[in-house]
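Letter by letter, the chains look like this.
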Amino acid sequence: MSSRARLLVIDDDQQLLTALRRALAYEGYDVAVADSGEAGLRLARERPPDLVVLDVLLPGLDGLEVCRRLRAGGDVPILMLTARDEVSDRVAGLDAGADDYLVKPFAVDELLARVRALLRRRVPPPEEWRFADLVLRPSTREVLRGERPLVLTPREFDLLALFLQHPRQVLTREVLMERVWGPDYDGESNVLEVYIGHLRNKLEAGGEPRLLHTVRGVGYVLKE
């Protein structure tokens, strides 16, 4: 585990947020903090963390929904914090996608130990994603259709990467917009359709069969 693992702490308790930031930074972690679910999701998109410490009781978008959205977009380890000690509450957090659960009040040493354990268990991202004759390499941002390289814009790359992480799974328009453009996007309403068209043109420029299919009224799916 790198001593500079990136951690994101999301909690509306400013005193606790400050204490955790200091404790985690002292341990050598690169720490970002957010005091709302919306701000936390925005930070997670801008600079993907290696682990998220997430409070359940947040104003507005609560921790369970934040957890679901983080989990829908990847496999980042999530340690949930709560003031509730009921079994049903712990089950709800785990069902939402949390990897571990810590009840307030807690000892900082225990939180640090759980963070270390989660980071040790984290599976490193693959060097490449493959589907049919399509290859995408996240570290170098290379994309190949067979032997043919594809030149994609950053947004096209992010959109295609999301499909490759969820092959054969129908992704709704809402999920695609939130994951690639963010929940605060207020530009052209047909931007997703435009980018899907660009991707299809590039994917099929050599006469290859279609991989990105429309599921009318729902969204899109990567399938043969």
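Residue positions are counted from 1 within each chain, in the order its sequence is given. Residues qualify for local features only when their pLDDT is at least 70, as the model is predicted, and side-chain atom pairs are given and counted only at 80 or more; totals for whole chains, interfaces and linings, by contrast, use all residues. Each side-chain value is worked out from all heavy atoms of the structure, with water and hydrogens disregarded.

### Re the overall build of the protein chain
Turning to step 1, where the next piece is worked out: Every helix listed is a DSSP run of H or I at least four residues long, and every strand listed is a run of E at least two residues long, numbered separately from the N terminus. Broken down by element type, the protein chain carries 8 helices and 12 strands.
Turning to step 2, where the next piece is worked out: For the protein chain, the C-alpha atoms occupy an extent of roughly 60 × 35 × 30 Å along the three principal directions.
Turning to step 3, where the next piece is worked out: Whether a residue is buried, partly exposed or exposed follows from its accessible area with a 1.4 Å probe, protein chains only, as a fraction of its type maximum: under 20%, in between, or over 50%, in that order. The buried share of the protein chain, taken over its 224 residues, is 43%.
Turning to step 4, where the next piece is worked out: The contact criterion used throughout is that any non-hydrogen atoms of two residues lie within 4.5 Å. Contacts in the protein chain between residues at least 24 apart in sequence constitute 57% of all its contacts with a sequence separation of at least 6.

### Brief notes about the environment of Arg-137
Turning to step 1, where the next piece is worked out: Summarising the element assignment, Arg-137 is placed in strand β7 (residues 134-137).
Turning to step 2, where the next piece is worked out: A sequence separation of 10 residues divides Arg-137 from Glu-127, and the C-alpha atoms of the two residues are 6.0 Å apart.

### Thoughts on the pattern of salt bridges
Turning to step 1, where the next piece is worked out: Within this document, salt bridges are pairs made up of a side-chain nitrogen of Lys or Arg and a carboxyl oxygen of Asp or Glu, the two lying within 4 Å of each other. Here the structure, examined in full by the defined rule, presents 17 salt bridges.
Turning to step 2, where the next piece is worked out: Residue Asp-11 is joined to Lys-104 by a salt bridge in which the shortest nitrogen-to-oxygen separation is 3.1 Å. Here Lys-104 lies in the loop between β5 (100-103) and α5 (108-121) and Asp-11 lies in the loop between β1 (6-10) and α1 (14-26), a separation of 93 residues in the sequence.
Turning to step 3, where the next piece is worked out: For Arg-130, the salt bridge is made with Glu-128, and the minimal N-O distance between the two is 2.5 Å.
Turning to step 4, where the next piece is worked out: On the basis of relative accessible area, Glu-128 is assigned to the partly exposed category, the value being 26%.
Turning to step 5, where the next piece is worked out: Bridged by salt links that share partners, the residues Glu-128, Arg-130, Arg-137 and Glu-142 form one connected network.

### Looking at helix α3 (residues 63-72)
Turning to step 1, where the next piece is worked out: Every buried residue of α3 is listed here: Gly-63, Leu-64, Val-66, Cys-67 and Leu-70. Axial view of α3: buried residues confined to an arc of 160°, hence all on one face. When we speak of the arc, we mean the arc of directions from the helix axis to the C-beta atoms.

### Focus on the sheet that holds strand β3 (residues 51-55)
Turning to step 1, where the next piece is worked out: Spatially, β2-β1-β3-β4-β5 is the arrangement adopted by the 5 strands of the open sheet, whose pairing is parallel. Looking at which strands have only one partner, the edges of the open sheet turn out to be β2 (30-34) and β5. Across the sheet, the mean angle from the axis of one strand to that of its neighbour is 20°, orientation sign disregarded.
Turning to step 2, where the next piece is worked out: Docked against the sheet, α1 engages β1, β2 and β4 (78-82), running at close to 170° with respect to β2. Note on pairing: two strands pair once DSSP finds at least 2 bridges between them. A fitted line through C-alpha atoms represents every axis, and for helices the fit uses only the stretch in contact; the resulting angles, taken between N-to-C directions, go from 0 to 180 degrees.

### A look at the nonpolar core
Side chains of a nonpolar character, in soluble globular proteins, are inclined to be buried together.
Turning to step 1, where the next piece is worked out: Remark: nonpolar core denotes a set of buried residues (Ala, Val, Leu, Ile, Met, Phe, Trp, Tyr, Cys) joined through side-chain atoms within 4.5 Å. Among the nonpolar cores identified, the biggest contains 27 residues, and Val-143, Leu-159, Leu-160, Phe-163, Leu-176 and Leu-192 are the most heavily contacted of them.
Turning to step 2, where the next piece is worked out: Those elements that provide at least two residues to this core are β7, α6 (154-165), α7 (173-181), α8 (191-203) and β12 (219-222).
Turning to step 3, where the next piece is worked out: Apart from residues no more than four positions distant in its own chain, Phe-163 is found in contact with Leu-171, Leu-176, Ile-196, Leu-212, Tyr-220, Val-221 and Leu-222.

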